[in-house]
Structure formats: C-alpha cells, structure tokens
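Below, each chain spelled out in residue letters.
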Amino acid sequence: MHHLTPEQIAELREDLLRMRNRLIKQAEEQIRDPSDVTFQGGDEIDRANIETGRYINLQRIRTRELKLLRKIDYALMKMENETYGICEGCGVFIPFERLKARPVTTMCINCKELEEEGENE
Ligand SMILES: [Zn+2]
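Bear in mind that the values here come from a model prediction, so they are computed numbers and not experimental data.

The rules we used
Residues numbered from 1 in each chain as written. Predicted model: local features only at pLDDT ≥ 70, side-chain atom pairs only at ≥ 80, totals over all residues. Helix = DSSP H or I, 4+ residues; strand = E, 2+ residues; numbered from the N terminus. Buried ≥ 20, exposed ≤ 12 C-beta atoms within 10 Å, placed from the backbone. Contact = placed C-beta atoms within 7 Å. Core = buried A, V, L, I, M, F, W, Y, C linked by C-beta atoms within 7 Å. Expected span 1.5 Å × (residues − 1). Arc of directions from axis to C-beta. pLDDT = per-residue confidence, 0-100.

Re the overall build of the protein
Alright, step 1. Assigned secondary structure in the protein consists of four helices and zero strands.
Alright, step 2. Starting at the N terminus, the α and β elements of the protein follow one another as α-α-α-α.
Alright, step 3. Burial analysis of the protein (121 residues in total) assigns 12% to the buried set.
Alright, step 4. A sequence separation of at least 24 residues applies to 47% of the contacts in the protein between residues at least 6 apart.

The following block contains the structure:
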C-alpha cells in the first residue's frame, strides 16, 4: 500500500516531466546560441561528469542542471518501481506537501537535515 494516491502520483509525475522539459529546452537553446559566453569561463562545467550517450547532445549543459536532470530521472524511475516518496534514509513516507514542494526529494526532512550537516557543498 502506498501513502500517495494515484492522483497525487500523477500530479507529481506531471511536475517532474515539466521540470525535465524545461531543463532540456533551456540546454538546447544554450547549445544553439553560440553567442552565449557564459560557458567560456568553464568553472561550472565539469565535462568528466558527462559520460553517457543519453545526454551527448547536451554536453554543454551546466553541471548543476545535469545533476537536477539526473535527480528527475531518478525520481521518475522510483515512481515506476513504486519506491517513490519513501525516505531513503529511514524508510518513512515523505508527506505529499514536501514532495509537491520538491518533487525530486528522496529523503524526509529529518534525514535531509542530518545529511546537510555533514555536507560542504
Ligand atoms: Zn528519513
């Protein structure tokens, strides 16, 4: 039994797909526009992070955006195998309100705070 209703899952999937489309669209526009100089600094780009053919056409995408794309894909994958919305830290159900605010989240608030305490990013 899942704590989310099929309607809530459908709504969150819509949100994730919308985020995904927007990110890809942004990336494609940046690739198409050679006058975009924000990529020439190189600080934000980590080409080593881009290893799969899946995003080969998006190889100029910024690392931050690529990370978010991966989180979105991961969340969608978890919806497929029905583990979406279950905290990866402690196994509790993550409330719909939290998922609605941040659909890519994989942890409850408590676990997230613990993780962030040990994180320097
Ligand atoms: Zn947790």
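Quick notes on the nonpolar core
Alright, step 1. The biggest cluster of nonpolar side chains holds 10 residues, and these are Leu12, Leu16, Leu69, Ile72, Ala75, Tyr84, Ile94, Leu99, Val104 and Cys108.
Alright, step 2. A per-element tally of this core places helix α2 (residues 63–80) first, with three residues.
Alright, step 3. Non-local contacts of Ala75, meaning those with residues more than four positions away in its chain, are made with Leu16, Tyr84, Pro103 and Val104.

Structural notes on α2
Alright, step 1. The end-to-end C-alpha distance of α2, which contains 18 residues, comes to 26 Å, matching closely the 26 Å that a straight helix rising 1.5 Å per residue would cover.
Alright, step 2. Within the sequence span of α2, burial applies to Leu69, Ile72 and Ala75. Down the axis of α2, the sector holding all buried residues measures 125°, keeping them to one side. Turned more than 90 degrees away from the buried face of α2 sit Met77 and Glu80, all of them exposed.
Alright, step 3. Trailing α2 by a residue or two, Glu82 shows a phi angle of about 60°, which is positive.

Re the confidence of the model for the protein
Alright, step 1. Looking at the protein, pLDDT values average 81 and 71% of them are 70 or higher.
Alright, step 2. Of all the helices and strands in the protein, helix α1 (residues 6–32) carries the lowest mean pLDDT, 90, while helix α3 (residues 96–101) carries the highest, 96.
Alright, step 3. Contacts of residues 36–45 to residues separated by more than four positions or lying in other chains number eight contacts, the stretch itself having pLDDT below 50.

Side note on the environment of Tyr74
Alright, step 1. Structurally, Tyr74 can be placed in helix α2.
Alright, step 2. Placed 10 residues apart in sequence, Tyr74 and Tyr84 show a C-alpha to C-alpha distance of 9.3 Å.

Some details on unusual backbone geometry
Alright, step 1. Although it is not a glycine, Glu82 adopts a positive phi angle of roughly 60°.
Alright, step 2. You can see Glu82 is positioned in the loop between α2 and α3.

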